[in-house]
Amino acid sequence: MNPKFNGSENLPPQSPADDGKVFASKEAMLADKAANRIALRIETGKLSQFNTPLTDAEAEAALVATGLIKDGVIVSDVLNILKTSGKIIEAAKPEKKAKIKLEPEFIPIVVEKKEINFNVIQDEELYKNFEAFSQEKKKQEERDAVFNDPEELDSLHEAALVLEKTKSQENDEYYYEFAKAGLIKGGNEEVKKDLELIDHKEQKFNSVSSEGIVKNKKIATITEIALEYGVTKLDWYTNRVKITPASRFDDVRNGVDDMMEIIGEDMESKFMGLGIDVTYRGLHSEQYKEKVFKLLRSIKDGYKTKVKYFKDHSGKMRERFAVPKAILYFSFSEVKKLAYMLKNITDPNVENDYRNSAMKNELMNQIITQCNILAIFAHKYGNSIADQYDAVKESIIELGEDSEDIKKMTLIPHDDKTSRRLNELIIEFENEQYSQTITSDDFEEAA
């Protein structure tokens, strides 16, 4: 969730904006700027989803989905401005009983804010420092408040595991099936070595495990299952898109948590895959940066991520194949919200909320944005994985021909926080000439 402030926060002095407007707070100024950007796009026809009357809930979800609401901006404030200016038309509300007294909407807030007269900070460096401090404070609050109860985490983790069948049923025989089918060049001996590698990696993990590491692993598992359930069970992106857990080998060896499958119209002929690496640490975390740098380095050095032991959504074994890879991030609070939904998924109302979660728009935005930017990066360095990134993007656009929801997601202008952060990391990566040597321990083989 975006950080919110009120008048009692120790905000820096504020002054009128460039156009002479006086704002009650920095957040009010940011909301006004965001509303102006969105209003311009509505006027030019680029955001047709706002041409019809919308409820407040629908309008707020649509505003978030545009990708134009930056961190620190309160969505409801942006909506109020756009409604006041007539750019967003509010859907007629059902008649209420006569006994219910209707309160004048938002009037007290408007009056209160007009009575406050802070000065907007002009010093750009000080503003950046304040933003950094606010982000760090938000992260610390999330760390302290989310999953701080071991019993609560165990309960949510166990509830999630009930819904995840594939990895819990995976045993040695799962791997030997691939050898029996002639899909492993080295046969049973190669499978045996791969199983030994898994054991070695897991023993190494267990030997250094602390309470914190075990906790992080449980949160990561909940995150992956939450993604799988929304996409595969609840058809977030139609029944032609599935998220299937990767094998333990491809998880520990190749850094692929899940595979996103885009299936052909006949549900048989076409297979398009995107490797998914999930992190709950957030967009500006060091872990996200490390994952992105490793992926950029592999692409620049001509490597492709390979998936070796994979059964698709129908149970069909696939021979080892190369996949483009995306790194999807969640926040602590988002994971916890989804975890509670998973725990109570048998409740029809909870299932409906999950099915319509705004996270599906956010994640699709991440996927399309990364396919766009990483395809350009791969083309620049002559890595043919670029073609597969382009193919995934085109397959998603094709889905939009039969799904209005998907079509709206693909029309979102992807100049949002994900694309800005990814482009920043690419510039940093190239400027630093990231020097860690790529080895066969990191990726399977060169393109």
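An account of the accompanying structure is given in this report. (Residues numbered from 1 in each chain as written. Predicted model: local features only at pLDDT ≥ 70, side-chain atom pairs only at ≥ 80, totals over all residues. Heavy atoms only, no water.)

## Considerations on the overall build of the protein chain
Turning to step 1, where the next piece is worked out: Of the regular secondary structure elements, the protein chain holds 17 helices and nine strands.
Turning to step 2, where the next piece is worked out: Evaluated residue by residue, the protein chain yields a buried proportion of 47% over its 447 residues.
Turning to step 3, where the next piece is worked out: Within the protein chain, contacts between residues separated by at least 24 positions form 72% of all contacts whose residues are at least 6 apart in sequence.
Turning to step 4, where the next piece is worked out: In the structure as shown, the protein chain presents an accessible area of about 23300 Å², 50% of it carried by carbon and sulfur atoms. (Helix = DSSP H or I, 4+ residues; strand = E, 2+ residues; numbered from the N terminus. Buried < 20%, exposed > 50% of the residue type's maximum accessible area, 1.4 Å probe, protein only. Contact = heavy atoms within 4.5 Å. Areas by Shrake-Rupley, 256 points an atom, 1.4 Å probe, with all protein chains shown as cover.)

## A short note on the pairing of strand β2 (residues 258-263)
Turning to step 1, where the next piece is worked out: Among the six residues that make up β2, six are buried, leaving the element largely enclosed by the rest of the structure.
Turning to step 2, where the next piece is worked out: Of the two faces of β2, the one holding D258, M260 and I262 and the one holding M259, E261 and I263 are both buried throughout.
Turning to step 3, where the next piece is worked out: Note that strand β1 (residues 241-245) and β2 share five bridges and pair antiparallel. By the bridge assignment for β2, I243 is matched with M260. (Pairing = 2+ DSSP bridges.)

## Here we look at the packing of aromatic side chains
Centre-to-centre distance and the angle between the planes together describe a pair of aromatic rings.
Turning to step 1, where the next piece is worked out: Applying the stated criterion across every chain, the model contains 13 aromatic pairs.
Turning to step 2, where the next piece is worked out: Judged by centre distance (6.0 Å) and plane angle (70 degrees), the rings of F310 and F321 are edge-to-face. Separated by 11 residues along the polypeptide, F310 in strand β5 (residues 310-311) and F321 in strand β7 (residues 321-323) bring together distant segments of the chain.
Turning to step 3, where the next piece is worked out: With relative accessibility at 1%, the residue F310 sits in the buried group.
Turning to step 4, where the next piece is worked out: Joined through ring pairs, the aromatic side chains of Y174, Y175, F178, F249 and Y309 make up one cluster. (Phe/Tyr/Trp six-rings, centres within 6.5 Å; stacked < 30°, edge-to-face > 60°.)

## Describing the nonpolar core
Turning to step 1, where the next piece is worked out: Counting 66 residues, the largest nonpolar core has L227, Y237, M260, I276, Y354 and I396 as the members making the most contacts within it.
Turning to step 2, where the next piece is worked out: For this core, the leading source of residues is helix α14 (residues 359-380), giving 11 residues.
Turning to step 3, where the next piece is worked out: For M260, the residues in contact, after removing those within four places along its chain, are V241, K242, I243, M272, G273, L274, I276, I367, V392 and I396.
Turning to step 4, where the next piece is worked out: One finds A31, I69, V75 and L82 within the second-largest nonpolar core, a separate group that totals 22 residues. (Core = buried A, V, L, I, M, F, W, Y, C linked by side-chain atoms within 4.5 Å.)

## A few points about the packing of helix α2 (residues 56-65) against helix α3 (residues 75-84)
Turning to step 1, where the next piece is worked out: Contact geometry for α2 and α3: axes closest at 10 Å, N-to-C directions at 110 degrees. Classified by the angle between their axes, α2 and α3 sit roughly perpendicular to one another. Judged by residue contacts, D56, A59, E60, L63 and V64 of α2 engage V75, S76, V78, L79, L82 and K83 from α3.
Turning to step 2, where the next piece is worked out: Its residues assigned to classes, the contact of α2 with α3 shows seven nonpolar, one polar and three charged. (Axes fitted to C-alpha atoms, helices over the stretch in contact; angles between N-to-C directions. Parallel < 35°, antiparallel > 145°, perpendicular 65-115°, else oblique. Nonpolar A, V, L, I, M, F, W, Y, C, P; charged D, E, K, R; others polar.)

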